[in-house]
Amino acid sequence: MNTRTPIDDVASAFVDSLLDDPTLSARSVRWYGGDLADAVRFLKGRGVRTLNAATTDDLVAYRAKLDERRASAHTIARRFRTLRRFFRFAIEAGATRSNLAREVETPKAWQAKRRRPAPRATEEMVRAIRGRDPTDLRDKALLAVAVATGASPRDVVGLTERDVDLERGLVKIGPETRKIDARTAQLVRRYQDARDEYLDGRTAGALWVSFARRSRGRKLSTRSIYDILAARAVA
């Protein structure tokens, strides 16, 4: 790869590199890809064919276009986080020389969070999930536990098999033991059965695991839980 490599090829290589990142869920990779695709379309519309040919003015214009679309502070901040990471990748790959995305002013993280707080698990989100594949069963059970216990995403993702007693309907969260109803316990059981069949029982004691190709069987990260909440909030 060099400074004459077409921007589409650099973008494809970047997304492929994300698949090798064990900290990213498949949903996160899709979001990165979608954000980047939007930016690349805009740049190509301005005649940019290689990333090295892009200018700060191009990225300022993209920022203005997002404002014109009435994009939220959260969306703008996320798009430019994606672009900064993309430029870092491209610099290491030799496709460009500087990280222009760092030169564009965007909403601060605290501003983005104030305008669009992270969604919370709700009963409506649980009922809306009707799929039968392991990922759907996991998300449904996970959100049901969050609703039933009122626990934070960080607490929910930290649960192990030993923290859950489905026979008695108990979940140990930190120093507390909280009660879940029979329906929630049944949802967790269905997920566990699907998970164990899919992974041949290789879960290393974690309750919630990933089914993504590159991180299959690994414990979900806190970030993954927020990805699930955000995705299911608009499903």
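Residues numbered from 1 in each chain as written. Predicted model: local features only at pLDDT ≥ 70, side-chain atom pairs only at ≥ 80, totals over all residues. Heavy atoms only, no water.

*Asks:* A description of the packing of aromatic side chains should follow, citing residues and the corresponding values.
*Replies:* What the rule picks out here adds up to 8 aromatic pairs. Ring geometry for F14 against Y32: centres 6.5 Å apart, planes inclined by 85°, an arrangement best described as edge-to-face. Of the two residues, F14 sits in helix α1 (residues 7-18) while Y32 sits in helix α2 (residues 26-45), which places them 18 residues apart along the sequence. Of the two residues examined, F14 and Y32, each falls in the buried class. Aromatic side chains Y198 and F211 sit 5.4 Å apart centroid to centroid with 80° between the ring planes, which places their arrangement in the edge-to-face category. Of this pair, Y198 sits in helix α9 (residues 182-199) while F211 sits in the loop between α9 and α10 (222-233), and the two are 13 residues apart along the sequence. Residue Y198 is classed as partly exposed on the basis of its relative accessible area of 41%. By relative accessible area, which is 9% here, F211 ends up buried. Site record: aromatic cluster; members linked through ring pairs are F14, Y32, F86, F87 and F89. Directly above the aromatic system of W31 lies the positively charged group of R78, at a separation of 5.9 Å from the ring centroid. (Phe/Tyr/Trp six-rings, centres within 6.5 Å; stacked < 30°, edge-to-face > 60°. Helix = DSSP H or I, 4+ residues; strand = E, 2+ residues; numbered from the N terminus. Buried < 20%, exposed > 50% of the residue type's maximum accessible area, 1.4 Å probe, protein only. Lys NZ or Arg CZ within 6 Å of the ring centre and 35° of its normal.)

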